[in-house]
Amino acid sequence: MPNVLRFFVFPAVLVSALISCAVPTDRPRLVLYVSIDQLRGDYFERYQSEFTGGFRRLVTAGVNFTNADLNYAASETGPGHATLGTGAYPATSGIVSNEWIDPRTRREVYCVEDSTAEPVEGYGGGFSARNLLVTGLGDWLKASSPKSKVFSLSPKDRGAILMGGKHPDGAFWYDRKAGRFVTSTYYTRRLPSYVRSLDVSEWIEKNVPPSWEKLMPESVYARYGPDEMGGEAKWQDDSSFPHPFDQENIKEQIRTSPYVDVLLLDLAREVINAEELGQRDVTDLLCISLSGCDYVGHAFGPNSHEVLDYLLRIDQALGAFLDDVERRVGKDAVLVVMSADHAVQMLPEYAKTIGNERSRRIIFRRDLQPKIAALAAASRKELGLLESPVQQNAFLNYEAAARVGIDSVTLEQSVKRSLLTIDGIEDVYFRRDMTSRENVSSYLDKYQRSYYAPRGKDFYVRFCEDCLITSSPTGSTHGSPYRYDTHVAMVFWGAGLQSKTVTREVHTVDVAPTIAKLLGITYPSTVDGIPLPEVTN
Ligand SMILES: [Zn+2]
């Protein structure tokens, strides 16, 4: 090679080497996977102009899916977090509800109970991911990159456990009796010192004022309706601001306030610092499930000043948290994914005042149970059975029917005919419907995606839309297949993603495989979702 050419070639190699060093890897070093329990899909839009912190940053600079849905009927916390964590529907993950009845033993099973695990520094039983039948994002990450660390945190045990997959490096939740974050022997025998040293009493003293008061001027809240509305639960004596904390009971009471999640974000800071998450040459995953939104929404409903104040405070707390994380981990090194386990229904008393005439509260024990019992008794007589055909917890007495020569289809048809005469009951599905591929309506398919036979009931009742089925004369709840319970927020932010608003329908099962694809890791065939091209392309 002529000397003159050598002169040009050598520097070119050097330059390209320098460039490849200077270009940051396009894989984030830290994935913050945030679930906000009960974060409805309409909150970002409704309160957009009020947000200045973390929510604003995510929504304006991220990929915001405005039409994200669970696409299954079991709109509860356990199934919701399992779905986010694993990309599998409840039918696949086995987490079909918060509690189910084992059809063989008829014993109630809590979704994260584990008789083989002991609490570590907490009270009560041991909790773990043992009942989760599939692996999650954290497991896939660790399989492809063994040095990666995975942690999962929440005020709720099921929030932390089910998002974290089968074998994270740690899962911590808040034990309100112990007044600290705890874990179980499934994960470790010793609470890490950085978790143990977070003294919740001290933290409360420093960070929680005597009363939960409004963060912003009254005029901000007044734009969205009254503070006091029919159907709200009482804090102490009434249901409007300010809400004084009962100092005797404050470790429990902060759960129904924004402060429990401000506390959780402080724990998240400790975990990031102590475990050096995002500060090594691999990708780490931190799952954070905030629970205050759910407790506040249950008590005061989604249109309340309390939920708005919760969101305003978490908007600020998240903004400060993201600033801290970016300072430590580096800009563009963090991917934030935020979604929710389920949404929530409006308080029927309030819904009526804004024109939803059909909205009503149905108290199960008072309004439905006696009617169901009466019909079951009539049905027993009509069929000539010795025992009631309908048993507790939605099981049917097929054996009693068989003894008098009545087959299962005849029994089911009789029960269904009876139940459909009850005001408030729209449809009834049986096990055979759950596995049927014929005449699958858009509701039945949502129940099918929530059905796993060994944890299933003999029949499922779909109640009327806008009917709040509850055990309480106040407050709201979720758990139906209707959009007010299944439409949730979903946003991806950071790691070089361009701002985008996506209006097509997507599902929460899609989130875990989307993150996996972004990270370049493979996922198993138990995943029901598909990566979202608006994020991965
Ligand atoms: Zn929940």
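Up top you'll find the structure we're talking about.
Residues numbered from 1 in each chain as written. Predicted model: local features only at pLDDT ≥ 70, side-chain atom pairs only at ≥ 80, totals over all residues. Heavy atoms only, no water.

### Brief notes about the overall build of the chain
- A count of helices and strands for the chain gives 23 helices and 21 strands.
- Here the C-alpha radius of gyration of the chain, 25 Å, is about what a compact globule of 537 residues would show, namely 24 Å.
- Each principal axis of the C-alpha atoms in the chain carries an extent, and together these give about 105 × 60 × 45 Å.
- Of all 537 residues assigned to the chain, the portion counted as buried reaches 58%.
- The long-range share in the chain, meaning contacts at least 24 apart out of those at least 6 apart in sequence, stands at 72%.
- Accessible surface for the chain amounts to roughly 22,600 Å². Of this, 51% is attributable to carbon and sulfur atoms. (Helix = DSSP H or I, 4+ residues; strand = E, 2+ residues; numbered from the N terminus. Rg over C-alpha atoms; globule rule 2.2 N^0.38 Å. Buried < 20%, exposed > 50% of the residue type's maximum accessible area, 1.4 Å probe, protein only. Contact = heavy atoms within 4.5 Å. Areas by Shrake-Rupley, 256 points an atom, 1.4 Å probe, with all protein chains shown as cover.)

### Details of the coordination of the zinc ion
- The protein atoms donating to the zinc ion are Asp 37 (OD), Thr 77 (OG1), Asp 341 (OD) and His 342 (NE2), with metal-donor distances spanning 1.9 to 2.2 Å.
- Here the zinc ion is ringed by four donor atoms whose angles at the metal span 93 to 137 degrees, and the overall shape comes out irregular.
- Counting residues between consecutive donors of the zinc ion along the chain gives the motif D-x39-T-x263-D-H. Of this pair, Thr 77 sits in helix α4 (residues 77-86) while Asp 341 is found in the loop between β12 (334-339) and α15 (348-353), placing the two residues 264 residues apart along the sequence. Of the two residues, Thr 77 and Asp 341, both sit in the buried class. (Donors = N, O, S within 2.8 Å, 3.2 Å for Na, K, Ca; no water. Tetrahedral: all angles 85-135°; square planar, octahedral: opposite > 155°, others 65-115°.)

### Examining unusual backbone geometry
- Put simply, Phe 241 and Pro 242 share a cis peptide bond, and its omega is -5 degrees.
- With respect to the helices and strands, Pro 242 occurs in the loop between α10 (218-222) and β10 (243-244).
- Positive phi outside glycine occurs at Asn 71, with the angle close to 65 degrees.
- Structurally, Asn 71 is set in the loop between β2 (63-69) and α4.
- The phi torsion at Glu 276 lies on the positive side, around 55 degrees, for a residue other than glycine.
- Look at Glu 276 and you get partly exposed, because its relative accessible area is 42%.

### Some details on the environment of Asn 249
- Within the secondary structure, Asn 249 is located in the loop between β10 and α11 (250-253).
- Sequence separation between Asn 249 and Lys 177 is 72 residues, and the spatial gap between their C-alpha atoms is 10.0 Å.

### Description of helix α9 (residues 200-207)
- Within α9, the full set of buried residues consists of Val 200, Trp 203 and Ile 204. The arc that holds the buried residues of α9, viewed along the axis, is 100 degrees, so those residues lie on one side. Away from its buried face by more than 90 degrees, α9 exposes Glu 205 and Lys 206.
- Lining the buried residues of α9 we find β7 (170-175), β8 (180-184), α11 and α12 (259-275).
- Measuring from the backbone nitrogen of Ser 201 back to the side-chain oxygen at the start of α9 gives 3.0 Å, which picks out Asp 199 as the cap. (Arc of directions from axis to C-beta. Polar contact = N/O pair within 3.5 Å; in protein donor to acceptor, adjacent residues only side chain to side chain.)

### Some remarks on the state of the cysteines
- Enumeration over the complete set of coordinates arrives at one disulfide.
- One disulfide bridge connects Cys 464 with Cys 467, the sulfur atoms lying 2.0 Å from each other. The sign of the S-S torsion, about -110 degrees, decides the handedness of the disulfide formed by Cys 464 and Cys 467: left-handed. Cys 467 carries the same exposure label as Cys 464, and that label is buried.
- Distance from the sulfur of Cys 287, which forms no disulfide, to the nearest cysteine sulfur (Cys 111) is 16 Å. (Disulfide = S-S within 2.5 Å.)

### Points about the packing of aromatic side chains
- With the rule as written, the count across this model stands at 23 aromatic pairs.
- On the basis of an interplanar angle of 80 degrees and a centroid distance of 6.1 Å, the ring pair of Tyr 72 and Tyr 89 is categorised as edge-to-face. One end of the pair, Tyr 72, is in the loop between β2 and α4; the other, Tyr 89, is in the loop between α4 and α5 (90-93), with 17 residues separating them in the sequence.
- Here Tyr 72 falls in the buried class, since its relative accessible area comes to 0%.
- Here Tyr 89 falls in the buried class, since its relative accessible area comes to 10%.
- Measuring from ring centre to ring centre gives 5.9 Å for Trp 212 and Trp 235, while their planes differ by 65 degrees; the resulting arrangement is edge-to-face. You can see Trp 212 sitting in strand β9 (residues 211-212) and its partner Trp 235 sitting in the loop between α10 and β10, a full 23 residues away along the chain. An identical accessibility class is assigned to Trp 212 and Trp 235; each is buried.
- Sitting above the plane of the Tyr 295 ring, Lys 156 keeps its charged end 5.1 Å from the centroid. (Phe/Tyr/Trp six-rings, centres within 6.5 Å; stacked < 30°, edge-to-face > 60°. Lys NZ or Arg CZ within 6 Å of the ring centre and 35° of its normal.)

### Comments concerning the environment of Arg 27
- Structurally, the position occupied by Arg 27 is in the loop between α1 (3-22) and β1 (30-36).
- A sequence separation of 48 residues divides Arg 27 from Ser 75, and the C-alpha atoms of the two residues are 32 Å apart.
- Contacts of Arg 27, omitting those with residues within four sequence positions, involve Thr 283, Leu 518, Leu 519 and Gly 520.
- Of note is the side chain of Arg 27, whose polar atom sits 3.0 Å from the backbone oxygen of Leu 519.

### Comments concerning the nonpolar core
- One finds Leu 32, Leu 286 and Phe 492 to be the most contacted residues of the largest nonpolar core, which totals 110 residues.
- Here this core takes twelve residues from helix α14 (residues 305-329), the largest share from any one element.
- In this structure Phe 492 touches Gly 62, Val 63, Phe 65, Val 336, Val 337, Leu 497, Val 511, Thr 514, Ile 515, Leu 532 and Val 535, once residues within four positions along its chain are discounted.
- Listed in part, the 23 residues of the second largest apolar core include Ile 372, Val 415, Ile 422 and Val 428. (Core = buried A, V, L, I, M, F, W, Y, C linked by side-chain atoms within 4.5 Å.)

### Comments concerning helix α13 (residues 292-300)
- For α13, the buried fraction is high: eight of the nine residues fall into the buried class.
- One or two residues past the end of α13 sits Gly 301, with phi positive at roughly 85 degrees.

### Comments concerning the pattern of salt bridges
- One pass over the structure, following the stated rule, counts 36 salt bridges.
- A salt bridge links Glu 412 to Arg 432; its shortest N-O distance comes to 2.7 Å. On the criterion of sequence distance, the pair formed by Glu 412 in helix α18 (residues 408-419) and Arg 432 in helix α19 (residues 431-434) is long-range, its members being 20 residues apart.
- Residue classification places Arg 432 among the partly exposed positions, given a relative accessible area of 39%. (Salt bridge = Lys/Arg side-chain N within 4 Å of Asp/Glu carboxyl O.)

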